[in-house]
Amino acid sequence: MEPLLELRNVEFRYHSQTVLEGINLHLQRGQFAAIVGPSGAGKTSLLKLILGALQPSSGQMLMHGRRYDGASPTRVAYVPQIETVDWNFPVTVEQVVFMGRVKQSSWRPWPTRQEQALVRQTLGELGIENLARKHIRDLSGGQQQRVFLARALIAAPELLVLDEPTTGIDMHTTEEILHLLGELNRSGMSILMTTHDINAAANHVPWIVCLNKRLTAQGSPETVFTPENLEATYGGEFMVVRHQGVLFIQQKPHGHSYHDLIPHPVPGAVVDSATETGNERSFGTLSV
Amino acid sequence: MSALLEPFQYSFFRYGTLAAVFAGALCGLLGVYIVLRGMSYIGHGLSHAIFGGAVVSYVIAINFYLGAGLWGFMAAVLINQTSRRTKINTDAAIGVITTASFALGVALISRYRRFTRSFDAALFGNILGVAWTDVLVIIGVTIMVALIIFVTYKQLLFMTFNSEVAQVYGVNVRWLDTLFSLMLATVLIATMQVLGVTLIAAALVIPPICARLLTDSFHRMLLLSTLIGALTGFIGMNLSYHLDLASGATIVLTQASIFVLILLISSIRKQAGRRLMHTHV
């Protein structure tokens, strides 16, 4: 099947400095993928290349098998990092969401009744209909993320691209946002996101792409999150623990042995069996 | 009452007031986008660049509006391209390009001392020398800018909010940026004679920040800023007549006074709100 998005040997240099090199990436229709990597790995640059906001220095980018350079030939919606938003800008939630229809709506400055209804419906689907008339400054981190997700969804995109959607929000909200993205993906939407939160990505995103200027690994979380791949991506030593289908990834702090790092996810829990292969530990059952 | 109406019997004052009202409204309207895009310094810089263009157009004997307009537009595009394609920030690009252009104007004036035209008017404004055709130009530019903003409202709003994201959603940011530069250059030329190169920047910035203090809504900010610009143009002109002060400076001082007043009122309201919250807690 022809991939929705394909990058062939893409390289990107900025002022003679190589930011990305040898990027070969496929994203199938209906796939949900997360790009992980350390700060400065080129995650945001890669997203901007895909979005057409940056031009590759060499290599090819294809959408539905068609080469593109600049604006994407398919409907792509983008949720930027919330840190990049000017929260003092004088706009309400519904005005921000309506921006997502900028290409489809009429030339009139104000939304039509149908467009107003669509804005309300999209906000309703994300459970934030009551915030429609609020100024964007007056929202919590999770609400802010949902507003920008609503703006993306109202554009009816074929590909949803999110830059660090879990940055600056608490664990509970991270869980909610990733659950929401999972639901959208199950309804058929292709999603590509970047994240620093490898534990959340490991347990919510079915396809992981490890990046540090070049792709170091890609595949399912189980195959990608190995101490070797993590070391190749982030540097340093990592411990990966699997317990009842849940992956826990922990970087080894300086001066600690792996034996000090056995996680106890439930207070008072005792691990009754464990196997160790290299730096990877697998646990059997927990008794509390 | 008759003393207040007295200046309106003079045609120069009527033309001047009309020009000041429309120039104030025009600067207030476009200024909203300038302030929200964090480009407040561009009005100041471009007006200086246009001064250079005005002198050059006089030296090579072409129409002032055409010569200075093209010059200002080119300067705006050059600023955009320099900051977009190099490591130089927008404020630094404005500083280099517009100051060099202004210096060229000053150099040409010192070289061609045979000038009969006074460039004091361009520098400090000469509203009393406004002719009916100048008023028509300002009204025409106001209508044109208002129409463009009406038609491109959604795209301009998105670009002002976040130009990089707007591009992903299909807004032609490059084209819109160029159109905006063209509008800005046209506004500066149309209002130069009213306010002068040195005072235009204030008229572009003060009404929008006054409006911003009064509302959290973008379209209300556009309306309020336009209204404040027009109103201060009218009040400033009348004050300048009765107090015998320079008109451009009086208009800007009126705007600054209104800004201080709004700032005071909003601080008092904020403090009262905090006190009320403490009482309820």
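Residues numbered from 1 in each chain as written. Chains lettered and ligands numbered in written order. Predicted model: local features only at pLDDT ≥ 70, side-chain atom pairs only at ≥ 80, totals over all residues. Heavy atoms only, no water.

1. Side note on the overall build of chain B
So, point 1. When helices and strands are counted, chain B shows 13 helices and zero strands.
So, point 2. Secondary structure elements in chain B, listed N-terminal to C-terminal, are α-α-α-α-α-α-α-α-α-α-α-α-α.
So, point 3. A compact globule built from 281 residues should have a C-alpha radius of gyration of about 19 Å, and chain B, at 20 Å, falls within 12% of that.
So, point 4. C-alpha extents for chain B along the principal axes are approximately 75 × 60 × 30 Å.
So, point 5. Each of the 281 residues in chain B was classed as buried or not, and the buried ones make up 49%.
So, point 6. A fraction of 75% describes how many contacts in chain B between residues 6 or more apart in sequence connect residues 24 or more apart.
So, point 7. Taking the average place of the 17 positive charges on the side chains of chain B and the average place of its 8 negative ones, the gap between the two points comes to 8 Å. (Helix = DSSP H or I, 4+ residues; strand = E, 2+ residues; numbered from the N terminus. Rg over C-alpha atoms; globule rule 2.2 N^0.38 Å. Buried < 20%, exposed > 50% of the residue type's maximum accessible area, 1.4 Å probe, protein only. Contact = heavy atoms within 4.5 Å. Lys, Arg positive; Asp, Glu negative; His and termini not counted. Charge placed at Lys NZ, Arg CZ, Asp CG, Glu CD.)

2. Some thoughts on empty space enclosed by the protein
All names here are of chain B.
So, point 1. Throughout the structure, instances matching the rule amount to two cavities of 30 Å³ or more.
So, point 2. If you go around the largest cavity, the residues you meet are R37, M39, I42, A76, N80, D177, F180, S181 and L184.
So, point 3. Those elements giving two or more residues to the lining of the largest cavity turn out to be helix 4 (64-85) and helix 10 (173-195).
So, point 4. Here the lining of the largest cavity takes four residues from helix 10, the largest share from any one element.
So, point 5. Among the residues making up the lining of the largest cavity, the classes are represented as five nonpolar, two polar and two charged. (1 Å grid on protein atoms, 1.4 Å probe; cavity = no way out; pocket = protein on both sides within 12 Å on 5 of 7 lines; lining within 4 Å. Points joined across faces, edges and corners; volume = space filled by probe spheres on them. Nonpolar A, V, L, I, M, F, W, Y, C, P; charged D, E, K, R; others polar.)

3. Looking at the layout of surface pockets
So, point 1. Put simply, the second largest pocket is a space of about 850 Å³.
So, point 2. In terms of lining, the second largest pocket is formed by 29 residues, of which the most central are Q95, P109 and W110 of chain A together with Y153 and H219 of chain B.
So, point 3. Elements with a contribution of two residues or more to the lining of the second largest pocket: helix 2 (93-99) and helix 3 (113-125) of chain A together with helix 7 (132-151), helix 8 (153-161) and helix 12 (218-243) of chain B.
So, point 4. Looking at the lining of the second largest pocket, the element that brings in the most residues is helix 12 of chain B, giving five residues.

4. Comments concerning the packing of aromatic side chains
So, point 1. The final tally for this structure, using the stated rule, is 18 aromatic pairs over all chains.
So, point 2. Between F8 of chain B and F234 of chain B, the ring centres sit 6.1 Å apart and the planes meet at 25°, which makes this aromatic pair stacked. Placement of the pair is F8 of chain B in the loop between helix 1 (2-5) and helix 2 (11-36) and F234 of chain B in helix 12, with a sequence separation of 226 residues.
So, point 3. Using a relative accessible area of 37% as the deciding quantity, one classes F234 of chain B as partly exposed.
So, point 4. Joined through ring pairs, the aromatic side chains of W87, F89 and F148 of chain A together with Y33, Y153, F161, F180 and F218 of chain B make up one cluster.
So, point 5. Taking the ring centre of F180 of chain B as reference, the NZ or CZ of R37 of chain B above it sits at 5.1 Å. (Phe/Tyr/Trp six-rings, centres within 6.5 Å; stacked < 30°, edge-to-face > 60°. Lys NZ or Arg CZ within 6 Å of the ring centre and 35° of its normal.)

5. A short note on the nonpolar core
So, point 1. Counting residues in each nonpolar core, the largest one holds 165 residues, and the members touching the most others are L160, L181 and F225 of chain A together with Y169 and F218 of chain B.
So, point 2. For this core, the element with the highest residue contribution is helix 10 of chain B, accounting for 13 residues.
So, point 3. Those residues in contact with Y169 of chain B that lie beyond four places of it in its chain are A77, Y78, G100, V102, K103, R151, A152 and A155 of chain A together with F158 of chain B. (Core = buried A, V, L, I, M, F, W, Y, C linked by side-chain atoms within 4.5 Å.)

6. Focus on the pairing of strand 10 (residues 214-219) of chain A
Residues and elements named next belong to chain A.
So, point 1. In this structure, strand 9 (residues 207-212) lies alongside strand 10, joined through five bridges in antiparallel fashion. Across the sheet, C210 pairs through a bridge with A217, a residue of strand 10.
So, point 2. The hairpin formed by strand 9 and strand 10 contains one residue between the paired strands, and K213 there has a positive phi angle of roughly 70°. (Pairing = 2+ DSSP bridges.)

7. As for the pairing of strand 12 (residues 246-251) of chain A
Residue and element names in this part refer to chain A.
So, point 1. Pairing of strand 11 (residues 238-243) with strand 12, which is carried by six bridges, proceeds in the antiparallel orientation. In the sheet register, M239 faces strand 12, and the bridge partner there is Q250.
So, point 2. Counting the residues that bridge the hairpin from strand 11 to strand 12 gives two residues, and of these Q244 lies at a positive phi of roughly 45°.

8. What about the interface of chain A and chain B?
So, point 1. Contacts between chain A and chain B engage 35 residues on the former and 24 residues on the latter.
So, point 2. For the pair chain A and chain B, the summed buried surface comes to about 2600 Å²; carbon and sulfur atoms form 66% of the total.
So, point 3. The largest per-residue losses of area from chain A upon contact with chain B belong to F89, P90 and V102 of chain A, which jointly make up 25% of the total buried on that side.
So, point 4. In this structure, the connection of chain A to chain B is made through two salt bridges.
So, point 5. Ionic pairing is found between K48 of chain A and E164 of chain B, a salt bridge with its closest N-O pair at 3.2 Å.
So, point 6. In this assembly, chain A and chain B are joined by eight residue pairs in polar contact (both at pLDDT 80 or more).
So, point 7. Those elements giving two or more residues to the side of chain A that touches chain B turn out to be helix 1 (43-51), strand 6 (76-79), helix 2 and helix 4 (141-153) of chain A.
So, point 8. Per-element accounting of the side of chain A that touches chain B gives the leading share, four residues, to helix 2 of chain A.
So, point 9. Across the side of chain A that touches chain B, the residue classes break down as 21 nonpolar, eight polar and six charged. (Buried area = accessible area lost by both parts, 1.4 Å probe. Salt bridge = Lys/Arg side-chain N within 4 Å of Asp/Glu carboxyl O. Polar contact = N/O pair within 3.5 Å; in protein donor to acceptor, adjacent residues only side chain to side chain.)

9. A short note on helix 2 of chain B
Residue and element names in this part refer to chain B.
So, point 1. Between its first and last C-alpha, helix 2 extends 38 Å over 26 residues, near the 38 Å set by a 1.5 Å rise per residue.
So, point 2. A maximum bend of about 35° is found in helix 2 at L30.
So, point 3. Phi turns positive one or two residues past the end of helix 2, at G38, with a value near 65°. (Expected span 1.5 Å × (residues − 1). Bend = angle between axes of the 7 residues up to and from the residue.)

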